[in-house]
Protein chains: 2
Amino acid sequence: MFNQLAVIGCGLMGGSFALALKRAGLVRRVIGYSKSPSTTEKAKRLGVIDTAAESALLAVSGSDIVLISVPVAASEATFKAIRHLVEPGVLFMDVGSTKRDVVDAARRVLKDRVASFVPAHPIAGKEVAGVEHADAMLYAGRQVILTPLAQTDPQLVQKATDVWAAIGCQVLKMSPENHDAAFAAVSHLPHLLAFAYFSSIAKQPAGKDFLSLAGPGFRDFTRIAASDPAVWRDILLANREEVLKQSMRFRHTLDALEHVIRSGNAEALEDLIRSASEARAGWQMNTPKPGALR
Amino acid sequence: MFNQLAVIGCGLMGGSFALALKRAGLVRRVIGYSKSPSTTEKAKRLGVIDTAAESALLAVSGSDIVLISVPVAASEATFKAIRHLVEPGVLFMDVGSTKRDVVDAARRVLKDRVASFVPAHPIAGKEVAGVEHADAMLYAGRQVILTPLAQTDPQLVQKATDVWAAIGCQVLKMSPENHDAAFAAVSHLPHLLAFAYFSSIAKQPAGKDFLSLAGPGFRDFTRIAASDPAVWRDILLANREEVLKQSMRFRHTLDALEHVIRSGNAEALEDLIRSASEARAGWQMNTPKPGALR
């Protein structure tokens, strides 16, 4: 049980974490701070936070758990704003979709106080942003990746593991480098492709007519193209090397498919499609067992 | 009310049409034929068809409505098998996802009997194939595109319109050329990209680990990668020119996004993402009003 949770950045992710902890009876009070006062006020009005803080530092003051849920490029500025109150025993976490850049910023700014920071990435989200979409169940049945450093306080890693598990997550640990390579492949590249694909259709002369004919396959394929521009700008820039590497691999596979299409090689085309189709049919999203939700 | 429906190709699409017509009380009897006798037997056992025919021609004999639901490359062979019984007043339709190639085959084989053929493409499907997945509601709330020719019997076009509307479809008419251009953009290209993307991930050395971390965005983005290989082989080959044209457009948009990522131009990247994101957020799939389902 925590006494006070500070949420820095009261959006979808931070707001959902606050609601989940409240729902699980894990926290007495939630204090929130957002760059825009109207966002903090909205979070308060919606009952997502109990108190609005006037600065990130004031939110941290007196809190025993702090969630930094800002676009990843704002992590460094946030660490700077709060560093004087980053004290041993208080659990600091983020929810960033990239980890190397956040960890680097934490090392740079927090120096030896970085021991209090447990980098976290919950694999959850919605294609809509904002605290008005916050949802106590957003993290239930999802994975969360922790990327602790050699100097991270092991007791805080355990505390972080316990709190995510208590709101229904399966907790995995890996290095920031492995995290960023994996998520470039399974999350960042698909977002890039979905943005590119949707734009390419929408900006054609006949785009509007085409869009009126699109069906359920198109709907699901492009759902992530509606994701938050500021969040994804930061992710794609922060992890650009891995994303561009994955995009190159994708282009090679697309080249191979186009080559057999162009040459009319039906058998080779069917083989290529079949290997994708069978692999996808055999894939299932990892979700924690229901028992994990205490 | 039809007396006898012939389904040539008892798979997901043909089976679902049979079930939908039965459910709507539009047909007395369904006779089915598939290339593989075990498929026809299965369709009968599941109650999707009432009688198994030993050839496509025997299925057509005595039927007043015929649905050709075979992979598009098999259309020509099917027309050849049944041409001697293509008679005025009997409604012949297909369900192919491409229309120029099917219409060309129909003209070539049926000659002046092509007047009885109303080319149709219902915008519905599942990522699983086979009559065991046939569903009386597959077409409800979906669009169906008819691409009649100048010589198509207008009374049969009306009959086709009525039967699709009666099972819950919104019926649109366009030329085969416009159809193929539009569906290259909103259906065929996304399938190609999904096949390429899933393959590219699955065949990497760390692919298995990556796949174990993928979340709901990935799940939806790749759903169509599980589609039927034989069906999609035919579609991508039949409509290759339009598909490759769309793929070129997509690559240009991807190039532009990668360029701003590589150069670190955050503002330009956010602008590109925002235009996709806002357009996608404002898009909704066209679905007929509930009242259309009689």
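Reading guide: rules and limits
- Residues numbered from 1 in each chain as written.
- Chains lettered and ligands numbered in written order.
- Predicted model: local features only at pLDDT ≥ 70, side-chain atom pairs only at ≥ 80, totals over all residues.
- Heavy atoms only, no water.
- Contact = heavy atoms within 4.5 Å.
- Buried area = accessible area lost by both parts, 1.4 Å probe.
- Salt bridge = Lys/Arg side-chain N within 4 Å of Asp/Glu carboxyl O.
- Polar contact = N/O pair within 3.5 Å; in protein donor to acceptor, adjacent residues only side chain to side chain.
- Helix = DSSP H or I, 4+ residues; strand = E, 2+ residues; numbered from the N terminus.
- Buried < 20%, exposed > 50% of the residue type's maximum accessible area, 1.4 Å probe, protein only.
- Pairing = 2+ DSSP bridges.
- Axes fitted to C-alpha atoms, helices over the stretch in contact; angles between N-to-C directions.
- Core = buried A, V, L, I, M, F, W, Y, C linked by side-chain atoms within 4.5 Å.
- Domains from an automatic or database assignment.

In the nomenclature of an unreviewed UniProt entry, chain A corresponds to Prephenate dehydrogenase/arogenate dehydrogenase family protein from the organism Caldimonas aquatica.

A. Looking closely at the interface of chain A and chain B. Taken together, the contacts link 83 residues of chain A with 83 residues of chain B. For the pairing of chain A and chain B, the buried interface totals around 7700 Å² over both sides, and the portion due to carbon and sulfur atoms is 69%. If you sort the residues of chain A by the area they bury against chain B, A:Leu213, A:Phe221 and A:Arg280 come out on top, with a joint share of 10%. Summed over the shared surface of chain A and chain B, the number is 8 salt bridges. In this structure, B:Glu270 engages A:Arg233 in a salt bridge whose closest nitrogen and oxygen atoms are separated by 2.4 Å. Between chain A and chain B we count 35 residue pairs in polar contact (both at pLDDT 80 or more) in total. Where the side of chain A that touches chain B is concerned, the elements lending two or more residues are β8 (143-146), α7 (176-202), α8 (207-212), α9 (216-222), α10 (229-238), α11 (240-263) and α12 (266-281) of chain A. Sort the elements by how many residues they give to the side of chain A that touches chain B and α7(A) lands first, with 18 residues.

B. Representation of the side chain of A:Asp234. Residue and element names in this part refer to chain A. Among the secondary structure elements, Asp234 is positioned in helix α10. The buried category is assigned to Asp234, whose relative accessible area is 6%. Within the structure, Asp234 has its side chain in polar contact with the side chain of Arg233 (distance 2.9 Å). Filtering out sequence-adjacent residues up to four positions away, Asp234 remains in contact with Pro71, Val72, Ala73 and Ala74.

C. Focus on the sheet that holds strand β8 (residues 143-146) of chain B. Residue and element names in this part refer to chain B. Strand order in the open sheet formed by 3 strands is β7-β8-β9, with mixed pairing between adjacent strands. Each having just a single partner strand, β7 (120-122) and β9 (170-173) make up the two edges of the open sheet. Taken pair by pair, the neighbouring strands of this sheet meet at an average axis angle of 20°, ignoring direction. Pairing of β8 with β9 involves 4 bridges; the strand directions are parallel.

D. Representation of the nonpolar core within the structure. Judged by nonpolar contacts, the single largest core of 134 residues is most densely connected at A:Phe250 and B:Phe250. Ignoring any residue separated from it by four or fewer positions in sequence, one finds A:Phe250 in contact with A:Leu189, A:Leu193, B:Leu193, B:Ala196, B:Tyr197, B:Ser200, B:Phe250 and B:Leu254.

E. Here's a closer look at α10(A). In terms of burial, α10(A) is largely enclosed, as 8 of its 10 residues are buried. Where the residues of α10(A) are buried, they touch α7 and α11 of chain A together with α11 (240-263) and α12 (266-281) of chain B.

F. Spatial organisation of the domain arrangement of chain A. All names here are of chain A. Split by domain assignment, chain A resolves into domain 1 (2-175) and domain 2 (179-281). Each of domain 1 and domain 2 has a C-alpha centre, and these two points are 31 Å apart. Across the boundary between the two partners, domain 1 contributes 17 residues, which contact 13 residues of domain 2. Interface of domain 1 and domain 2: buried area, both sides summed, is about 1300 Å²; carbon and sulfur atoms make up 63% of it. For the interface between domain 1 and domain 2, the tally reads 1 salt bridge. Across the pair Asp180 and Arg100 runs a salt bridge whose closest N-O atoms are separated by 3.5 Å.

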